[in-house]
Amino acid sequence: MKIDLKILGSVCIFVCLAAAVLYFTRWMDVKAPVANITSVAVSDQLQIEIVSNALQLELKGCDVAQVADNFFVHIYPLDASKAGAEGFINKDFNLTGLKRLSKETRSGVTYCRYVVAFGSVAVDRIELGQFRAPEGKCCEILWNRQVNFNK
Amino acid sequence: MSTTVADSNRSFGLDVCRTLACLLVVFGHMLGHSLPSPILSNFAFLAIFGVDLFFCLSGFLIGRILLKEAANWNVSRTSGLTNFWYRRWMRTLPLYVFFFFVSLKFDWQGATTFSEQFRYLFFAQNFAWPMTDFYRLSWSLAVEEWFYYTFPLLILLVIGFGADVKRAAMVTIVVFMVVPFLARIGLPIESVRYDDARYVVLYRLDAIGFGVLAAYIYTWHKPMFERIAKHWYIPLAVVIGIIVSTKMGAPWLLNGKVLQSLFFTCSAIFFAALIPAFFSLRPYRWGWVNRFVNFTSLVSYSIYLGHIFAFTMVIAVLNRFGLHEAVYNNPWIVYPIFTICVYLLAYSTYRLIEKPFLKLRDIDGTSLVKFFKSLQRLGTGK
């Protein structure tokens, strides 16, 4: 078999190109959020800070398997025309799908931080919680909390 | 979705397959975006199998083109590959990008911004991680685009190591069967999250890979292809079994990642095994059925990407004129309206976006010069 180095070189370039695109699109920084609104202690491991344009999640121990259930975030914009057909902007997420913003150790315990940005819309209120879909049937709500931004 | 052949080469049977897949997706989503009766709502899940069928069909069509073109890649090298990509991207990207920008303002989930969603332009929204609900339909396009990018690249790599196209294709097909299977086992898929895995590129590449396997058999083992077509009832029976067991929650109940991963693989194998049977179909006696199949197949990519926007548009108009209660809650009125609007929007985007770009990709350098010269003559009034 005759090896064609030109072909192999070209393939390497295309592979590097794809890897670079994935790297930069997946791991770009999220803008720093502002004014703190409130916080929710989901469990001993997970604390959620709600700020004016994002959720900040801090996971004690960094074991995302401990928080396997999906989160739902329904964002109700001040300008209702920016909401979806259901009347809100849906930002469902799972911790396993989020990129980690930072990792730090305090008093010998590791903490991982994640951010879920609301986007550029001015927010009236949000509804936040966790749900699961047993046997694919949506949805069993585990907990939920409504936060009003205009108080 | 992104399945195309030149009009003269259109296969009626594959058009039937494409139409069936397309209608499964549209009607599944129509039920999911309305208030159907409890009996009808039981069929909404069929949309996912429409996409599975699309993947296999796409793999078969692209596989046939690819296996033919790759025969010259040991001479043309990278230029053969880039030409293949160019033709694929001119087919799929214009409409994808158009609906991406439409989604920024009119997505079912609400408006968002370019800076938040720009990764969708690079199909990086769900490569090896779950995606958000923005432009949700794009998940399958991402699977297809990554397939178009990586599959021929791997074929070229194996050709670079001195293999002929037949061997390179087989090696690549095997890699595309094994890697997603192992990824589904190795990467976290908890039983309650089975459904998330369905929408991740890395986990789904084998669905198209099995379609290419059908193209491989068609190209180099035609008697076997014909035998599979002859025994169409076997894959059909298994596919029905897979659909029924999914309805009963089987994939979610399976214990262990290996079994769950195997469920995906079996689903892809038996959907791909239906392709020979579809391929052998001939036009019906009723002309209107043939015309409907041909037309739906022709605009299927536009239907796929545009149907949710058609629903959103209908609902917005109903709200604006205070007809929401009267129309949206009545399935006998809302479903025909949805269907008509889906077809109208699809035809418009096909004529205004898809077709011009398809024409453009077929213009070679000489024709382009002639085109500009004719424009110049028009400008000077000759």
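This text follows the structure it describes.
**Examining the overall build of chain A**
Part 1 of the argument: Helices and strands together make up the secondary structure of chain A, namely 1 helix and 9 strands.
Part 2 of the argument: For chain A, the sequential pattern of α-helices and β-strands runs α-β-β-β-β-β-β-β-β-β.
Part 3 of the argument: By its C-alpha atoms, chain A is 70 × 45 × 40 Å across when sized along the principal axes.
Part 4 of the argument: Looking at chain A as a whole, 19% of its 151 residues are labelled buried.
Part 5 of the argument: The long-range share in chain A, meaning contacts at least 24 apart out of those at least 6 apart in sequence, stands at 46%.

**Observations regarding the interface of chain A and chain B**
Part 1 of the argument: Contact residues are listed per partner, giving 38 residues for chain A and 37 residues for chain B.
Part 2 of the argument: Breaking the side of chain A that touches chain B down by element, the ones donating at least two residues are helix H1 (5-26) and strand S5 (89-90) of chain A.
Part 3 of the argument: In terms of residues, the side of chain A that touches chain B owes the most to one element, H1 of chain A, which gives 11 residues.
Part 4 of the argument: A breakdown of the residues in the side of chain A that touches chain B according to their chemical character gives 19 nonpolar, 10 polar and 9 charged.

**Regarding helix H3 (residues 47-69) of chain B**
Part 1 of the argument: A rise of 1.5 Å per residue sets the reference length of H3 of chain B, with its 23 residues, at 33 Å; its end C-alpha atoms lie 33 Å apart and thus fit the reference within 8%.
Part 2 of the argument: Across the 23 residues of H3 of chain B, 17 count as buried, placing the element largely inside the fold.

**Examining the packing of helix H8 (residues 165-186) of chain B against helix H14 (residues 257-272) of chain B**
All names here are of chain B.
Part 1 of the argument: At their nearest, the axes of H8 and H14 sit 8 Å apart, and the two run at 145 degrees to each other. Like other packed secondary-structure pairs, H8 and H14 cross with a definite hand, here right-handed. Mapping the contact onto sequence places Phe181, Arg184 and Ile185 in H8 and Lys257, Val258, Gln260, Ser261, Phe264 and Thr265 in H14.
Part 2 of the argument: The residue makeup of the contact of H8 with H14, split by class, is 4 nonpolar, 3 polar and 2 charged.

**Observations concerning the nonpolar core**
Part 1 of the argument: Among the nonpolar cores identified, the biggest contains 109 residues, and Ala21, Leu53, Cys56, Leu57, Ala214, Ala272 and Ile275 of chain B are the most heavily contacted of them.
Part 2 of the argument: Contact partners of Cys56 of chain B, with chain neighbours within four places excluded, come to Ala207, Phe210, Gly211, Ala268, Phe271, Ala272 and Ile275 of chain B.
Part 3 of the argument: The next biggest cluster of nonpolar side chains, apart from the first, holds 9 residues, and it includes Ala83, Phe88, Phe118 and Val123 of chain A.

**A few points about helix H12 (residues 233-247) of chain B**
Part 1 of the argument: Look at H12 of chain B: 21 Å from first C-alpha to last across 15 residues, which is about the 21 Å you get at 1.5 Å a residue.
Part 2 of the argument: Gly249 of chain B sits one or two residues past H12 of chain B and shows a positive phi near 90 degrees.

**Section: the sheet that holds strand S4 (residues 70-77) of chain A**
By way of backbone hydrogen bonds, the strands of a sheet pair with one another, either parallel or antiparallel.
All names here are of chain A.
Part 1 of the argument: Read from one edge of the open sheet, 4 strands run S5-S4-S8-S9, paired in antiparallel fashion. The open sheet is flanked by S5 and strand S9 (140-148), the only strands paired with a single partner.
Part 2 of the argument: Alignment of S4 against strand S8 (residues 123-132), held across 8 bridges, turns out to be antiparallel. The residue of S8 that forms the bridge with Tyr76 is Arg125.

**Some points on unusual backbone geometry**
Part 1 of the argument: Of note, the phi angle at Cys62 of chain A is positive, near 60 degrees, even though the residue is not glycine.
Part 2 of the argument: Along the polypeptide, Cys62 of chain A turns up in the loop between strand S3 (54-60) and S4.
Part 3 of the argument: One non-glycine residue, Tyr135 of chain B, lies in positive phi territory at about 45 degrees.
Part 4 of the argument: Within the element layout of this structure, Tyr135 of chain B appears in the loop between helix H6 (114-117) and helix H7 (138-160).

Here is what the cut-offs are and how they apply
- Sequence order as written defines residue numbering, which begins from 1 separately in each chain.
- Chain labels run from A onward and ligand labels from 1 onward, assigned in the order the entries are written.
- A pLDDT threshold of at least 70 governs which residues receive local features in this predicted model, and a stricter bar of 80 or more applies before side-chain atom pairs are shown or counted, although totals over entire chains, interfaces and linings include all residues.
- Numbered from the N terminus, helices here are DSSP runs of H or I no shorter than four residues, and strands are runs of E no shorter than two.
- Here the C-beta atoms are placed from the backbone, and a residue counts as buried if at least 20 other C-beta atoms lie within 10 Å of its own, exposed if 12 or fewer do, and partly exposed otherwise.
- Any pair of residues counts as being in contact when their C-beta atoms, constructed from backbone geometry, are within 7 Å of one another.
- Under the grouping applied here, Gly and all other residues not named as nonpolar or charged are polar, the nonpolar ones being Ala, Val, Leu, Ile, Met, Phe, Trp, Tyr, Cys and Pro and the charged ones Asp, Glu, Lys and Arg.
- In this scheme, a helix's expected span is set at 1.5 Å multiplied by one less than its residue total.
- Every axis corresponds to a line fitted to the C-alpha atoms, with the helix fit spanning only the stretch in contact, and the corresponding angles, defined between N-to-C directions, vary from 0 to 180 degrees.
- Handedness of a helix crossing follows the sense of rotation of the near helix relative to the far helix, less than a right angle counterclockwise being left-handed and clockwise being right-handed.
- The term nonpolar core refers to a group of buried residues, namely Ala, Val, Leu, Ile, Met, Phe, Trp, Tyr and Cys, whose C-beta atoms join them within 7 Å.
- When DSSP finds two or more bridges between a pair of strands, those strands are recorded as paired.

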